[in-house]
Amino acid sequence: MSSQTNDGNARIRDYGGPAGGWGSVESLAEILMREGSPLAVAADLIHQNKADGFMCVSCAWAKPAHPHPFEYCENGAKASAWEMTHKKTGPDFFAAHAVSELESWPDHDLEEHGRLTHPMRWDAASDKYVEVDWEAAFAEIGRELKALDPNSVVFYTSGRASLEASYMYQLFARMYGTNNLPDSSNMCHESTSVALPDSIGVPVGTVRLDDFDKTDCIFFFGQNVGTNSPRMLHQLQDARMRGVEIITFNPLRERGLERFVNPQAPLEMLTNRPTQISTQYHQVKAGGDTAAIFGIAKALIAADDRVGNILDHAFIAEHTHGFQEFREAARRYEWAQLEARSGLSRAEMEEAAEVYARSKAVIGIYGMGLTQHRAGVDNCKMLVNLLLLRGNIGRPGAGICPVRGHSNVQGQRTVGITEKPELAPLDKLKELYGFEPPREKGLSTVDACEGIIKGEVKAFIGLGGNFVRAVPDTTIIEEAWRKQRLTVQISTKLNRSHLIHGEVSFILPCLGRTEVDRQATGPQAVSTEDSTAYIHGSRGVRTPVADTILSEPKIIAEMAKHTLAPNPKVDWDGWVADYAKIRDAIEATYPEQFKDFNRRMFEPGGFPRPLAARERQWKTKTGKANFHVPAGLDEDPDMVSNDDVFLLITVRSNDQFNTTVYGYDDRFRGIQGTRRVLMMNAADIALLSLKDGEMVDLATVADDGVERRLNGFRLTAYDVPRGCCWAYYPECNPLIPLWHHAIGSKVPAAKSVPIKVCRSAATAAAA
Ligand SMILES: Nc1nc2c(c(=O)[nH]1)N[C@H]1C(S)=C(S)[C@@H](COP(=O)(O)OP(=O)(O)OC[C@H]3O[C@@H](n4cnc5c(=O)[nH]c(N)nc54)[C@H](O)[C@@H]3O)O[C@H]1N2
Ligand SMILES: Nc1nc2c(c(=O)[nH]1)N[C@H]1C(S)=C(S)[C@@H](COP(=O)(O)OP(=O)(O)OC[C@H]3O[C@@H](n4cnc5c(=O)[nH]c(N)nc54)[C@H](O)[C@@H]3O)O[C@H]1N2
Ligand SMILES: [Mo]
């Protein structure tokens, strides 16, 4: 078993290579070897993101109608190979390891052991998971759920479950009697889902793949494309070849945003000649984007005042609301304020404004760097403000492009996974299935955590994910978690959320999307929605890892049948026998969005859902696209700030998918063999009288009386703005207070956690 930090072998140095290139081929080869049968897995990967194959289980980036021969990236292949492994975590494994022993295992080792193969029930006497009959498991879960108040039960979804499974799951929860349907987007793009409807009347991005062929400028905020959505590098590279300017705002100089060698282009690989991706790179401070965008807007408005015609006044007059207030706010902020908060110089902001002003069609792309702040919702609206100034929404080659995380996280929302009753088609569900859906607001992820801490949540059902590890304040949550009566995790691999469990606890192993899903009418297909609102069919190609596992729709149907009174209008068994019938039900519920669902799902490139904002129809309260003036420049206003308090940014490495840690290398950032590092500006290290390479302890600065502390991080000098530092998620989650979340969306503010850094107590004692 390897340890969480393998510091003996740790190496940290500059990585000179591009994103993609030979480094990515080597890294992929290593992964395939590790999973045991490199050739078979490689052969199956050919089907990834193809019209007749399976949709990538990694990120949600768009899948083109004319895919490359290998339409996958290093990280997509890693994610699929991780699922396709032959290694198994079966009853013999659980017989050999008590749960309390497994609790000391790092995330990597738990999952690396292989796929879960049998339904397991925790046995209190031996503290081990013991094999259980499927039927017995469903019967007991049903009995437990029937005995509980539905509003004390949480139905969580991680963003990977298909549209079919998600639709069934929300229906089950609502027929049972609750809207407690939090999902991983509550920690992710919920800021987007709250901001965009207010601003432009749709909850999702407006950009489609063909807009990348028509744009002449891309603004790129807080998203690490080389690691988290590498297939997008193809669009960015093509755009750069056409001379499109890419203007990036990111505290870290991320390799994928600097240069890229396409591993699928033989000539590029031979010459190893990278494409420069960003034409301007602005190392904004953590939480400095609103100030930066105000700076750009201020420059544009000043130029418009001078020479006119810089802003699109016709568009603003016809299509927007609130422009005057926004213009006044931009004028009011002093350059000195904007420089101090953004960490950028006035010249830098003006340079960005200059390119923006001469571009005809601009795309604004963003990720967690905007959404995971206290002002995450305002941040998203601020980027919309910038686009509206020159009519860059609802025009070819322009638009807003939030890069979603999990492969179907956007789609789950589309089919009713939401704790907000106003977003679910409750009347339609009532009409179709003849039951009275619950109308009161359900629990979001943060609400669920609060409920668990207070002891009000009695049961947790997880459709995928690793909730206990992904949420903030993990130490406090783990303690409270065990007070629950029932925990059920529907999963492919073992993780920490199985080990921290309730009184009655089940692990239910399920098929992954890469596997053939055979039901009564034959092999079934499922569907997902990508970041550009295209729906794609997906068919597994692998023989399932064990014949003892069930599909997600089957598991949900059985839990529902064992919990709910029979309802002749819901044919759970018929749906499981033929998933096309679930899609018919989805179409009946959302006739406009899913017209001809079964017929269209395998169209090459998928089929798009209609998006009013693309047509400049604004389904907002004002009937217009709204400018929004944020509350202030400070994105994390309630936190203590002074010279020795640093803003901690928590990010993903190139060798992980969220809480799934494939390995301990972060190639693009030059880190090898460890994840327990704290990266800081050399001048700040000197200011603290610390030394590069020494061990430090981290403590959150908050005045709520709770001590949040993590010890033993290797301090390393890194090119990051003064006053900021960064380290890895999920290791740092115990440092994030649960209440430190975005106003309006409750997305944990994981990109600005105020901490103090001091010499490790252990080192200090030894000295
Ligand atoms: N291989 C791989 N792919 C993934 C995932 C994975 O873990 N591994 N996770 C998936 C999921 S669920 C999601 S949500 C996405 C996440 O993808 P991203 O949105 O890229 O998320 P992070 O890795 O958290 O990185 C956020 C980026 O924002 C920058 N940043 C931090 N703070 C700020 C700030 O204040 N302002 C600005 N402008 N930038 C900032 C960081 O330096 C980093 O480059 O990726 C998805 N795809
Ligand atoms: N500090 C900090 N915290 C963060 C973030 C951050 O940037 N910083 N990011 C947040 C974000 S954006 C997100 S999305 C969350 C992620 O939170 P989650 O979505 O809850 O976590 P994952 O790590 O994606 O879940 C991994 C587990 O999913 C299961 N799984 C994998 N494939 C399947 C499948 O096909 N079916 C089923 N049923 N199970 C499957 C496996 O058992 C695996 O162990 O974390 C959030 N937490
Ligand atoms: Mo996410």
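Throughout, a residue's number is its position along its own chain's written sequence, starting from 1. Written order determines the labels here, with chains lettered from A and ligands numbered from 1. For this predicted model, a pLDDT threshold of at least 70 governs which residues receive local features, and a threshold of 80 or more governs which side-chain atom pairs are given and counted, while totals over whole chains, interfaces and linings are taken from all residues. Based on all heavy atoms of the structure, the side-chain values leave hydrogens and waters out of the count.

**Q** Could you give an account of the site of ligand 2, naming the residues involved and the relevant values?
**A** Neighbouring residues are identified by heavy atoms, a residue being near a molecule or strand if any of them is within 4 Å of it. Around ligand 2, the structure places 33 residues, and the nearest of them are Glu 111, Tyr 156, Glu 552, Thr 659 and Asn 733. Under the rule applied, a polar contact is a pair of N or O atoms within 3.5 Å (in protein, one hydrogen donor and one hydrogen acceptor; residues adjacent in sequence only if both atoms are side-chain atoms). Here an oxygen atom of ligand 2 and a backbone polar atom of Lys 493 are 2.8 Å apart. At 2.7 Å, a side-chain N or O of Tyr 729 approaches an oxygen atom of ligand 2. For the accessible areas, the method is Shrake-Rupley and the probe is 1.4 Å, while residue cover comes only from the protein chains on display. Within the complex, the protein chains bury 96% of what would otherwise be the 930 Å² of accessible surface of ligand 2. We count a stretch as a helix when DSSP gives it H or I for four or more residues in a row; a strand needs E for two or more, and each element gets its number in order from the N terminus. Of all the secondary-structure elements, those providing two or more residues to the shell around ligand 2 are α25 (467-470) and β17 (486-491). The nonpolar class holds Ala, Val, Leu, Ile, Met, Phe, Trp, Tyr, Cys and Pro. Asp, Glu, Lys and Arg form the charged class, and all remaining residues, Gly among them, are polar. For the shell around ligand 2, the per-class residue count stands at 12 nonpolar, 15 polar and six charged. Note that domain bounds follow an automatic or database assignment of domains. Counting contributing residues per domain, the shell around ligand 2 is built from domain 1 (88-187 + 408-605) and domain 3 (646-766), each supplying no fewer than three.

**Q** Any details on the site of ligand 1? Residues and values, ideally.
**A** Near ligand 1 there are 30 residues, and of these Glu 254, Gly 287, Asp 289, Gln 656 and Asn 658 occur at the shortest range. Take Asn 224: an N or O atom from its main chain is 2.7 Å from an oxygen atom of ligand 1. When ligand 1 is considered free in solution it has 920 Å² of accessible area, and contact with the protein chains removes 99% of it. Put simply, the parts of the chain that give the shell around ligand 1 at least two residues each are α11 (225-228), α20 (368-371), β25 (646-651) and β26 (656-657).

**Q** Run through the packing of helix α18 (residues 335-342) against helix α19 (residues 346-358), naming residues and quoting values.
**A** Only the stretch in contact is used when fitting a helix axis, every axis being a line fitted to C-alpha atoms; angles between N-to-C directions are given from 0 to 180 degrees. Closest axis-to-axis distance for the α18/α19 pair is 9 Å, and the angle between their directions is 90°. Judged by the angle between their axes, α18 and α19 are roughly perpendicular. Here Trp 335, Leu 338, Glu 339 and Ser 342 of α18 come into contact with α19, specifically with Arg 346, Met 349 and Glu 350. The residue makeup of the contact of α18 with α19, split by class, is three nonpolar, one polar and three charged. Angle categories: roughly parallel below 35 degrees, roughly antiparallel above 145, roughly perpendicular from 65 to 115, and oblique for all the rest. For this analysis, residues touch if any pair of their heavy atoms sits within 4.5 Å.

**Q** A description of the pairing of strand β7 (residues 153-157) should follow, citing residues and the corresponding values.
**A** When a residue's accessible area, from a 1.4 Å probe over protein chains only, is under 20% of the maximum for its type it is buried; when over 50% it is exposed; and in between it is partly exposed. Taking burial as the measure, the five residues of β7 include five buried ones, the bulk of the element. Two strands pair under a simple rule: DSSP has to find at least two bridges between them. Relative to strand β16 (residues 459-463), β7 is paired through five bridges, and the arrangement is parallel. The partner of Val 154 across the bridge, within β16, is Phe 460.

**Q** Provide a residue-level description of the domain arrangement of the chain, including the pertinent values.
**A** Quite often, the size of an interface is put as the accessible area lost when its parts meet. One can read the domain layout of the chain as domain 1 (88-187 + 408-605), domain 2 (190-403) and domain 3 (646-766). Each of domain 2 and domain 3 has a C-alpha centre, and the two are 27 Å apart. Contacts between domain 2 and domain 3 engage 26 residues on the former and 27 residues on the latter. Buried area adds together the accessible area that both of two parts lose upon being put together, with accessible area traced by a 1.4 Å probe. Carbon and sulfur atoms supply 58% of the area that domain 2 and domain 3 bury against each other, a total of about 2,100 Å² over both sides. Among the residues domain 2 hides against domain 3, the three largest losses belong to Leu 252, Gln 372 and Arg 374. Together they make up 33% of the total. Salt bridge criterion: a side-chain nitrogen from Lys or Arg within 4 Å of a carboxyl oxygen from Asp or Glu. At the surface where domain 2 touches domain 3, the tally comes to one salt bridge. A salt bridge links Arg 669 to Glu 254, with the nearest nitrogen and oxygen atoms 2.9 Å apart.

**Q** Quick one: what's the story with the packing of aromatic side chains, residue by residue and with numbers?
**A** Two rings belonging to Phe, Tyr or Trp (six-membered ring only in the last case) form a pair when the distance between their centres is within 6.5 Å. Interplanar angles under 30 degrees mark stacking, angles over 60 mark edge-to-face geometry, and anything in between is tilted. Scanning the model with the defined rule gives 30 aromatic pairs in all. Seen from their ring centres, Phe 326 and Phe 627 are 5.5 Å apart, and the 25° between their planes marks the pair as stacked. With Phe 326 in helix α17 (residues 323-332) and Phe 627 in the loop between β24 (625-626) and β25, this residue pair connects regions lying 301 residues apart in the sequence. The buried category is assigned to Phe 627, whose relative accessible area is 7%. When the ring of Tyr 718 is compared with that of Trp 726, the centres are 5.3 Å apart and the planes differ by 80°; the resulting orientation is edge-to-face. Just as Tyr 718 is buried, Trp 726 falls in that class too.

**Q** Kindly report on the sheet that holds strand β2 (residues 19-20), identifying the contributing residues and their values.
**A** Strand order in this open sheet of three strands is β2-β10-β11, and the pairing throughout is mixed. Two strands close off the open sheet at either side, each with one partner strand: β2 and β11 (275-276). Taken together, the two bridges between strand β10 (residues 259-261) and β11 define a ladder with antiparallel strand orientation. In the strand pairing of β11, Arg 259 is matched with Gln 276.

**Q** Describe helix α23 (residues 426-433), naming the residues involved and giving the relevant values.
**A** When α23 is considered as a whole, its buried residues turn out to be Leu 426, Leu 429 and Tyr 433. The buried residues of α23 occupy an angular sector of 60° when the element is viewed end-on, so they sit on one face. Every exposed residue of α23 that faces more than 90 degrees away from the buried side is listed here: Asp 427 and Glu 431. Residues of α23 that are buried sit in contact with α8 (163-176), α29 (572-577) and α30 (579-589). Immediately beyond the C-terminal end of α23, within one or two residues, lies Gly 434, with a positive phi of roughly 60°. The directions considered for the arc are those from the helix axis to the C-beta atoms.

**Q** Can you lay out the nonpolar core for me, pointing to particular residues and giving the numbers?
**A** Here is a general trend for soluble globular proteins: nonpolar side chains tend to be buried in one another's company. Side-chain atoms within 4.5 Å are what join buried Ala, Val, Leu, Ile, Met, Phe, Trp, Tyr and Cys residues into a set we call a nonpolar core. Grouped together as the largest cluster of nonpolar side chains are 61 residues, with contacts concentrated most on Tyr 167, Phe 172, Ile 461, Leu 508, Trp 572 and Trp 575. Tallying contributions element by element places α8 first for this core, with 10 residues. Beyond its immediate chain neighbours, meaning those up to four positions away, Ile 461 contacts Leu 145, Val 153, Val 154, Phe 155, Tyr 156, Tyr 169, Leu 486, Val 488, Ile 490 and Met 559. Leu 300, Val 355, Val 377 and Val 384 belong to the second largest nonpolar core, which has 60 residues in total.

**Q** Could you give an account of unusual backbone geometry, with specific residues and numbers?
**A** Here the residue pair Tyr 729 and Pro 730 is connected by a cis peptide bond, since its omega of 0° sits within 30 degrees of zero. For Pro 730, the position within the fold is in the loop between β32 (724-728) and β33 (753-759). Positive phi values are uncommon outside glycine, yet Asn 309 reaches one of about 60°. By secondary structure assignment, the location of Asn 309 is in the loop between α15 (289-307) and α16 (313-319).

**Q** Describe the environment of Phe 607, naming the residues involved and giving the relevant values.
**A** As for its position among the elements, Phe 607 is in strand β23 (residues 607-608). Taking relative accessible area as the criterion, Phe 607 reaches 0% and is therefore assigned buried. Separated by 72 residues in the primary sequence, Phe 607 and Ile 535 place their C-alpha atoms 5.3 Å from one another. Ignoring any residue separated from it by four or fewer positions in sequence, one finds Phe 607 in contact with Ala 533, Tyr 534, Ile 535, Gln 593, Phe 594, Phe 597, Arg 600 and Met 601.

**Q** Residue-level account of the side chain of Ser 342, with values.
**A** Locating Ser 342 in the fold gives a position in helix α18. Judged by relative accessible area, Ser 342 falls into the buried class, the value being 0%. In this structure the side chain of Ser 342 is engaged in a polar contact, spanning 2.7 Å, whose partner is the backbone oxygen of Leu 338. In contact with Ser 342, other than residues within four places in its own chain, are Val 284, Lys 285, Gly 288, Ala 291, Ala 292 and Met 349.

**Q** An account of the sheet that holds β25 is needed here, citing residue identities and associated values.
**A** An order of β25-β32-β29-β31-β30-β33 is seen for the six strands of this closed barrel, with the pairing classed as mixed. Averaged over neighbouring strand pairs, the angle between their axes works out to 45° when direction is ignored. Strand direction decides the pairing type here: strand β29 (residues 677-680) and strand β31 (residues 709-717), joined by four bridges, are parallel. Among the inter-strand pairings, Met 680 is bridged to a residue of β31, identified as Ala 717.

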